[in-house]
Protein chains: 2
Amino acid sequence: MSDTTQGIGLAVSTVIFALRAHPETGLSALWIPLVRRTRDPFEGSWALPGGWVRESESLADAAGRNLLETTAVEPSYLEQLYCFGEVDRSPDRRVVSVVYWALVRPEQTERSEDGDNVRWFLADELPELAFDHNVIVDYALWRLRTKVEYSRIAQAFLGSTFTLAELREVHEAVLQRALDPANFRRQVEPTLVPTDAVVTGGRHRPPRLYRYDESISLVDNGPLTHGPAPQNARSIA
Amino acid sequence: MSDTTQGIGLAVSTVIFALRAHPETGLSALWIPLVRRTRDPFEGSWALPGGWVRESESLADAAGRNLLETTAVEPSYLEQLYCFGEVDRSPDRRVVSVVYWALVRPEQTERSEDGDNVRWFLADELPELAFDHNVIVDYALWRLRTKVEYSRIAQAFLGSTFTLAELREVHEAVLQRALDPANFRRQVEPTLVPTDAVVTGGRHRPPRLYRYDESISLVDNGPLTHGPAPQNARSIA
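Nothing here was measured: the structure is a model prediction, and the numbers come from that model.

Our focus in this paragraph is the overall build of chain A. Of regular secondary structure, chain A possesses 5 helices and 9 strands. When the helices and strands of chain A are listed from N to C terminus, the series reads β-β-β-β-α-β-β-β-α-α-α-α-β-β. Taking all contacts inside chain A whose residues are at least 6 apart in sequence as the whole, residues at least 24 apart take part in 63%. Surface accessibility of chain A: about 11,500 Å² in total, with carbon and sulfur atoms responsible for 46%.

Let us now look at the confidence of the model for chain A. All names here are of chain A. Confidence along chain A averages 85 in pLDDT terms, with 87% of residues attaining 70 or more. Mean pLDDT values over the elements of chain A span from 83, in helix 3 (residues 155-158), up to 98, in strand 3 (residues 46-47). Low confidence marks residues 224-237, where pLDDT is under 50. Its contacts with residues over four positions away, or in another chain, come to 40 contacts.

Right, let's get into the side chain of Thr195(A). Residues and elements named next belong to chain A. With respect to the helices, strands and loops of the structure, Thr195 is situated in strand 8 (residues 192-198). Within the local environment of Thr195, its side chain forms a polar contact with the backbone nitrogen of Ala197, the two atoms lying 3.1 Å apart. Within the structure, the side chain of Thr195 is placed 2.8 Å from the backbone oxygen of Leu209, a separation counted as a polar contact. Those residues within four positions of Thr195 in sequence are excluded, and the remaining contacts are Thr161, Arg208, Leu209, Tyr210 and Arg211.

Residue and element names in this part refer to chain A. Taken as a whole, this structure holds 14 salt bridges over all chains when the rule is applied. Ionic pairing is found between Lys147 and Glu79, a salt bridge with its closest N-O pair at 3.2 Å. You can see Lys147 sitting in helix 2 (residues 133-147) and its partner Glu79 sitting in strand 5 (residues 79-84), a full 68 residues away along the chain. Here the two residues Lys147 and Glu79 agree in accessibility, since each one is buried. Its salt-bridge partner being Glu189, residue Arg185 comes within 3.2 Å of it at the nearest N-O pair. Owing to a relative accessible area of 40%, Arg185 belongs among the partly exposed residues under this scheme. For Glu189, a relative accessible area of 32% corresponds to the partly exposed category.

Attention now moves to the packing of aromatic side chains. Residues and elements named next belong to chain A. Enumeration according to the criterion identifies 16 aromatic pairs over all chains in this entry. Taking the centre distance of 6.3 Å and the plane angle of 80° together, the rings of Phe17 and Trp101 count as edge-to-face. In this pair, Phe17 is assigned in strand 1 (residues 9-21) and Trp101 in strand 6 (residues 95-104), connecting sequence segments 84 residues apart. Given a relative accessible area of 0%, Phe17 falls into the buried group. Each ring, one from Phe84 and one from Tyr139, has its centre 6.4 Å from the other, and the planes form 75°; the classification is edge-to-face. Of this pair, Phe84 sits in strand 5 while Tyr139 sits in helix 2, and the two are 55 residues apart along the sequence.

Take the pairing of strand 6 (residues 95-104) of chain B next. All names here are of chain B. Within strand 6, 10 of the 10 residues are buried, which leaves the element mostly enclosed by the surrounding structure. A two-sided burial pattern is seen for strand 6, the buried positions comprising Val95, Ser97, Val99, Trp101 and Leu103 on one face and Val96, Val98, Tyr100, Ala102 and Val104 on the other. With 10 bridges connecting them, strand 1 (residues 9-21) and strand 6 associate as parallel partners. Residue pairing for strand 6: Ala11 is matched across the bridge by Ser97. Direction of pairing for strand 5 (residues 79-84) relative to strand 6: antiparallel, over a ladder of 5 bridges. From the neighbouring strand, Cys83 faces strand 6, where its bridge partner is Val98.

Turning our attention to the packing of helix 4 (residues 164-175) of chain B against helix 5 (residues 181-188) of chain B. All names here are of chain B. Two elements in contact, helix 4 and helix 5, have axes separated by 11 Å at closest approach and are oriented at 95°. With respect to helix 5, the element helix 4 is oriented roughly perpendicular. Counted together, Leu164, Leu167, Arg168 and His171 of helix 4 and Pro181, Phe184, Arg185 and Val188 of helix 5 form the full contact between these two elements. Class assignment of the residues belonging to the contact of helix 4 with helix 5 gives a composition of 5 nonpolar, 1 polar and 2 charged.

Definitions and limits used
Residues numbered from 1 in each chain as written. Chains lettered and ligands numbered in written order. Predicted model: local features only at pLDDT ≥ 70, side-chain atom pairs only at ≥ 80, totals over all residues. Heavy atoms only, no water. Helix = DSSP H or I, 4+ residues; strand = E, 2+ residues; numbered from the N terminus. Contact = heavy atoms within 4.5 Å. Areas by Shrake-Rupley, 256 points an atom, 1.4 Å probe, with all protein chains shown as cover. pLDDT = per-residue confidence, 0-100. Polar contact = N/O pair within 3.5 Å; in protein donor to acceptor, adjacent residues only side chain to side chain. Salt bridge = Lys/Arg side-chain N within 4 Å of Asp/Glu carboxyl O. Buried < 20%, exposed > 50% of the residue type's maximum accessible area, 1.4 Å probe, protein only. Phe/Tyr/Trp six-rings, centres within 6.5 Å; stacked < 30°, edge-to-face > 60°. Pairing = 2+ DSSP bridges. Axes fitted to C-alpha atoms, helices over the stretch in contact; angles between N-to-C directions. Parallel < 35°, antiparallel > 145°, perpendicular 65-115°, else oblique. Nonpolar A, V, L, I, M, F, W, Y, C, P; charged D, E, K, R; others polar.

Below, the structure written as structure tokens:
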């Protein structure tokens, strides 16, 4: 056995979450883009967007490049989710996959259209995917649902300012359950800063716009971004 | 450029935290074991325990094997910390390292003795390490200090039952600051269950032993251990 791991392929995959209406309920729900495999193993099956890492690119760059090439989705920031390396996860050869994830706003997916080989799926109603990709999506969903309880994760779906109703809708879509508006307001208000702006549109009592309190530190931005997140970064944490 | 990543080496490293007395203050402090490199690059420098992944072993198995071979430390559970893959992190060739971490109790390190090529260091007073290992340790420390605020991380250092004073000492060692006993009790008591046991030894008012409330779910055990942690798992989350 070689001790230089030359037989191990290194790949990246991404799990991209966007909020779109559920076709039956009309409520916001989580969707992810998948790519149809055009060669073995698992030819014809749906899989997460991804591919091999090139020697000259970082892992996050490789994930972003493969995502863009296959789905035309361009998140402003990818966060590392986990490195999957079970010995038998690919039938042909040993492949270790570093998985990234991102939450994206509608304008970041507008160039990504459903076609024969790319399609958006409801994250909770996936077909049987190639490799261990169902396990990977399940883990990403679990992480997302856990993190939304203690982080400002919803900002990634909403932009910098939002109403309490918009924020509640994000939490409801992620958690898949209705939340009491008064309880929700009590829980999230300590982490928010009211802006001077309101939503315009002629209503009698227009809703106020809030932003997150940036003085409260994020939970985890990865090892290279400990300080305040850059302006265009939409960290999941 | 090959698209099958054959030029990329896949390695594992581990960051092991143990609590031992600080040689000057006598207070509990965080220590980690390091290994002296016996070949280039960075021959003679201290580095995290680690090595190549073999084709036939999972990433966590590779991390555990390399850790045991170099330091004789045997944690009951290793948690994945992060995968480091910057292009220039190794001078000779491209190496991607999956880093694991663990908190260990004193009995799990008793076979690991300081020698010429293995030594325990205060985690906050490290020399300049090989590769990007200072960055990795800094990240592990930051994760540990963040997580101790919202998880039952201290249990890994203490075993299944402990007094409030023992638990406070762990938090103080991790956070490197004194905590007010009354405030600390108020904060942690909702997550604890008092046992019927007390610490024996003839004192007038022996301190009560507590355990964590296992009905409160852990934050993150990784993708393969979503349910309750196995009896011998000491998750960091």
